Amino acid sequence: MRLPVQTAGVMPSTFRAGIRPSISFCASVSVQNGQVCVNIPILGTKCIPIPLPLPSGTAAQACVSTCGTWIPTGACITVTALGKQVAHECIGSC
């Protein structure tokens with residue numbers, strides 16, 4: 001009995017379809033000196049200025065979604081405070 005010969009690499013169908021793996025997470029943060037800082041895996045810490053006059057210590061949430069093929073090359077960060085989106089910024093290459 002002959003076994004089939006594989007002539008090309010095997011890759012999950014999600015990657016063949018062009019979907020890139022990404023990391024998405026949200027973290028509770030607080031406003032300090034008019035900005036919010038969040039630590040993004042591999043890319044490091046990024047601080048985003050908040051355009052609204054929110055006092056230091058105001059609770060906020062930062063949601064991060066990385067982009068890239070196998071290694072993250074960038075990330076988009078959305079900050080919400082008091083139930084409203086207060087900042088959105090993309091860094092790197094998305």
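Quick summary incoming for the structure in this document. Small disclaimer: the values here were computed from a predicted structure and weren't measured.

Quick notes on the rules
- Note that residues are indexed from 1 along each chain, following the sequence as it is written.
- Thresholds applied to this predicted model are a pLDDT of at least 70 for local features of residues and 80 or more for the giving and counting of side-chain atom pairs; totals over whole chains, interfaces and linings are not thresholded and use all residues.
- Side-chain numbers come from the whole structure's heavy atoms, not from hydrogens or water.
- Strands are runs of DSSP state E lasting at least 2 residues, helices are runs of H or I lasting at least 4, and numbering of each runs from the N terminus.
- Residue exposure (1.4 Å probe, protein chains only): buried if accessible area is under 20% of the type maximum, exposed if over 50%, otherwise partly exposed.
- We call two residues in contact whenever any of their non-hydrogen atoms come within 4.5 Å of each other.
- Residue-level accessible areas treat just the shown protein chains as cover; the underlying method is Shrake-Rupley with a 1.4 Å probe.
- Here, nonpolar core refers to any group of buried Ala, Val, Leu, Ile, Met, Phe, Trp, Tyr and Cys residues whose side-chain atoms link them within 4.5 Å.
- Disulfides are defined as cysteine sulfur pairs within 2.5 Å.
- For patches, a residue must show more than 30% relative accessible area and have no salt bridge; joins then use 9 Å for like charges and 5 Å for nonpolar side chains, namely Val, Leu, Ile, Met, Phe, Trp and Tyr.
- Put simply, a salt bridge is a Lys or Arg side-chain nitrogen that is within 4 Å of an Asp or Glu carboxyl oxygen.

**Structural notes on the overall build of the chain**
- Helix and strand counts for the chain come out as one helix and six strands.
- Scanning the chain from its N terminus toward the C terminus, one meets helices and strands in the order α-β-β-β-β-β-β.
- Residues classed as buried in the chain amount to 27% of the 94 residues present.
- A sequence separation of at least 24 residues applies to 48% of the contacts in the chain between residues at least 6 apart.
- As displayed, the chain offers around 6500 Å² of accessible surface, 58% of which is attributable to carbon and sulfur atoms.

**Comments concerning the nonpolar core**
- Ile40, Ile50, Ile77 and Val79 are the most contacted members of the largest nonpolar core, which has 18 residues in total.
- Elements represented by at least two residues in this core include exactly β2 (35–40), β4 (59–67), β5 (74–81) and β6 (84–92).
- Examining the composition of this core, we find that four residues originate from one element, β5, more than from any other.

**Points about the environment of Lys84**
- Position of Lys84 relative to the elements: it lies in strand β6.
- The sequence separation of Lys84 and Ala60 amounts to 24 residues, and the corresponding C-alpha distance is 9.5 Å.

**Brief notes about the state of the cysteines**
- Tallying each qualifying case throughout the model produces three disulfides.
- Disulfide pairing is shown between Cys26 and Cys63; the S-S distance is 2.0 Å. Sign of the S-S torsion, about 110° for the bond between Cys26 and Cys63, identifies this disulfide as right-handed. You can see Cys26 sitting in strand β1 (residues 24–30) and its partner Cys63 sitting in strand β4, a full 37 residues away along the chain.
- With a relative accessible area of 45%, Cys26 lands in the partly exposed category.

**Digging into a nonpolar patch on the surface**
- A cluster of nonpolar side chains, contributed by Ile42, Leu43, Trp70 and Ile71, occupies part of the molecular surface with about 480 Å² of accessible area.
- Here Trp70 lies in the loop between β4 and β5.

**Things to note about the pattern of salt bridges**
- This structure, assessed with the given rule, holds one salt bridge.
- Its salt-bridge partner being Glu89, residue Lys46 comes within 3.2 Å of it at the nearest N-O pair. Highlighted residues: Lys46 in strand β3 (residues 44–49) and Glu89 in strand β6, separated in sequence by 43 residues.
- Given the relative accessible area of 24%, Glu89 is considered partly exposed.

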